[in-house]
Amino acid sequence: MSDKESDKEKDREKTDSMGTVTVPEGALWGAQTQRAINNFDISGRAMPSAFIEAVLLIKASAAHANHELELLSSQQAQAIQAACETARNQHLHDQFPVDVMQTGSGTSTNMNVNEVLATLASRELDEPVHANDHVNMSQSSNDVIPTAIRVATVLAAEKDLLPALRGLITAIDKKADEYGEVIKTGRTHLMDALPISMAQVFSAWQTQLSRAGEAVQHALVECHNLPQGGTAIGTGLNAPDGFAAAFVARISELTGTPFKESSDKVADISAQDTLVTLSATLRTCAVVLTKIANDLRWMSSGPLAGLGEITFPALQPGSSIMPGKVNPVIPEGVLMASAQVMGNDHAVALAGQSGNFELNVMLPLIGDNLLASIGLLARSANALAEKAIAGLTVNKDHVEQALHKNPILVTALNQRIGYDQAAEIAKLAYRSGRTILEVAVEQTDIAEEELRQLLDPRQMT
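The paragraphs below set out a description of the structure included in this document. Because the structure is predicted, anything quoted here is derived from the model rather than measured. (Residues numbered from 1 in each chain as written. Predicted model: local features only at pLDDT ≥ 70, side-chain atom pairs only at ≥ 80, totals over all residues. Heavy atoms only, no water.)

Looking at the overall build of the chain
Secondary structure summary: the chain contains 19 helices and ten strands in total. Taken over the C-alpha trace, the chain has a radius of gyration of 30 Å; the compact-globule value for 461 residues is 23 Å, which it surpasses by more than 25%. Across its three principal axes, the chain shows a C-alpha extent of roughly 105 × 50 × 35 Å. Counting every position in the chain, which comprises 461 residues, the buried fraction comes to 48%. Counted over contacts in the chain with a minimum sequence separation of 6, partners at least 24 positions apart contribute 72%. Split by element, the accessible area of the chain, about 22,000 Å² in all, is 51% carbon and sulfur. Computing the positive centroid from 35 side-chain charges and the negative centroid from 54, the chain places the two 7 Å apart. (Helix = DSSP H or I, 4+ residues; strand = E, 2+ residues; numbered from the N terminus. Rg over C-alpha atoms; globule rule 2.2 N^0.38 Å. Buried < 20%, exposed > 50% of the residue type's maximum accessible area, 1.4 Å probe, protein only. Contact = heavy atoms within 4.5 Å. Areas by Shrake-Rupley, 256 points an atom, 1.4 Å probe, with all protein chains shown as cover. Lys, Arg positive; Asp, Glu negative; His and termini not counted. Charge placed at Lys NZ, Arg CZ, Asp CG, Glu CD.)

Listed below in structure tokens is the structure:
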């Protein structure tokens, strides 16, 4: 065996406090990561890349703070920060394979990142950089992982979700400008009801989306408070005075986001109520998208034997056996995504209950589900805006024809002729297939011109 082959073989043997572990050739991680890989083969999913990105930001910020407090040399701090940049810029996602379903504190992922960065920093510095003593200095998995969840979700929501919701509102606004004056039959209990304008339909959707977005923004305010510096249980042992403040200043600078130091690190490590609240607002977004998607499906149903009020762009064949069939595929995809978000929220709520004494032990699950929900909602809103709303057309003639046959228009006559006579007129119009106007001319002594004004659907909206 050559010297190079021997060195390569030696490099595959990694040691930690429990002994020696064999690590695959080419892996940047060490023994603790390998133990986690060996132990946790449960979900088949690694932690989301956005979460790993957040941990890398934390490690870079911690190195900066530790150097500022004269705990790390400038060379060590620079090497760790350079390693973070290398891991981020070279997309070394395959070096962070630890399963989501791992130790509940997320220690395995924290050590995975520590070990990878220690390897890269050691190469950069050409001297040993220790995963625990240097990369993890002034930190614990117990404050790194809750901080990472907050950083990752804040950045993802502000970068992806909130702009997507605003984009959907804008797309709806354009359709309101185009079709807002169209009056259609309103429906309650899926049955014909009073008239409503398309502008009012669109405006209601926009209001729902705006309120949901505002709820998310409100929940994110508290998520900006980071428990980093609390170390193991929030008391801050092994984190020097000034570390939390220096850390927060640096990560705010790196992200361009005004993060703050948590006012109660014990609470924010032991309990994850803030993240449970954020998840609830994401569930509300899912409920809103479900409402809009279902309205769109119903309004496009048919087109001949259904409501047929709107038409979507034909994106793909709708059937493997029925030629020419086109289905509302985008709303259906959004409905499935929304259902998943609701399930994710339930998982987060259950995980939030697992804050026993000074530590929540379902942190990886919370982070994974929150980021999954944010991604699903953002992509769903974008899909609705770009592939459903943007190309939507309102079938004006069909809508107006159905509107004028709507027996519920008689409601406008209640104050003149009373509920009972109005009901008889509605029933007669429905049985005879005539309009309310025609029957009301026969059945009341109100002049036809006045009836036309009273029964004008536009006046009822």
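Having put the structure on the table, let's press on.
Focus on the nonpolar core
The biggest cluster of nonpolar side chains holds 113 residues, and the ones touching the most others in it are F51, L168, W205, L209, F247, L296 and L384. Looking at this core, the element that brings in the most residues is helix α7 (residues 141-179), giving 19 residues. Of all hydrophobic cores here, the second largest spans 15 residues; its members include L413, I417, A422 and L437. (Core = buried A, V, L, I, M, F, W, Y, C linked by side-chain atoms within 4.5 Å.)

Digging into helix α9 (residues 243-255)
Each α-helix winds once per 3.6 residues, and so residues spaced three or four apart point in a common direction. Its 13 residues give α9 an end-to-end C-alpha distance of 18 Å, which sits within 8% of 18 Å, the value for a rise of 1.5 Å per residue. Residues of α9 that are buried: F243, A244, A246, F247, V248, R250, I251 and S252. For α9, the secondary structure elements touched by its buried residues are α3 (49-68), α4 (74-89), α7, β5 (225-226), β6 (260-261) and α10 (265-270). Count one or two residues on from α9 and you reach G256, which has phi positive near 70°. (Expected span 1.5 Å × (residues − 1).)

Focus: empty space enclosed by the protein
For the coordinates displayed, the defined rule picks out one cavity of 30 Å³ or more. Roughly 50 Å³ of volume is contained in the largest cavity. Lining the largest cavity, in full, are F312, P313, L315, N327, P328, V329, I330, P331, K387 and A388. Secondary structure elements with two or more residues in the lining of the largest cavity: α12 (329-352) and α13 (363-389). Sorting elements by how many residues they give to the lining of the largest cavity places α12 first, with three residues. Residues belonging to the lining of the largest cavity are distributed by class as follows: eight nonpolar, one polar and one charged. (1 Å grid on protein atoms, 1.4 Å probe; cavity = no way out; pocket = protein on both sides within 12 Å on 5 of 7 lines; lining within 4 Å. Points joined across faces, edges and corners; volume = space filled by probe spheres on them. Nonpolar A, V, L, I, M, F, W, Y, C, P; charged D, E, K, R; others polar.)

With respect to the pairing of strand β2 (residues 19-22)
As judged from the four bridges shared by strand β1 (residues 13-16) and β2, these two strands associate in the antiparallel manner. Its bridge partner being in β2, E13 is matched across the sheet by T22. (Pairing = 2+ DSSP bridges.)

Focus: the pairing of strand β3 (residues 183-188)
Both β3 and strand β4 (residues 191-197) contribute to a ladder of five bridges, which runs antiparallel. Looking at β4, one finds that T188 is bridged to M191. Between β3 and β4, which pair antiparallel one after the other, the connecting turn spans two residues, and H189 there sits at a positive phi close to 60°.

Digging into the packing of aromatic side chains
Scanning the model with the defined rule gives two aromatic pairs in all. Ring geometry for F202 and W205: centres 5.6 Å apart, planes at 65°, overall edge-to-face. Residue F202 and its partner W205 are located together in helix α8 (residues 198-223), separated by three residues, close to a single helical turn. Neither residue differs from the other here; F202 and W205 are each classed as buried. (Phe/Tyr/Trp six-rings, centres within 6.5 Å; stacked < 30°, edge-to-face > 60°.)

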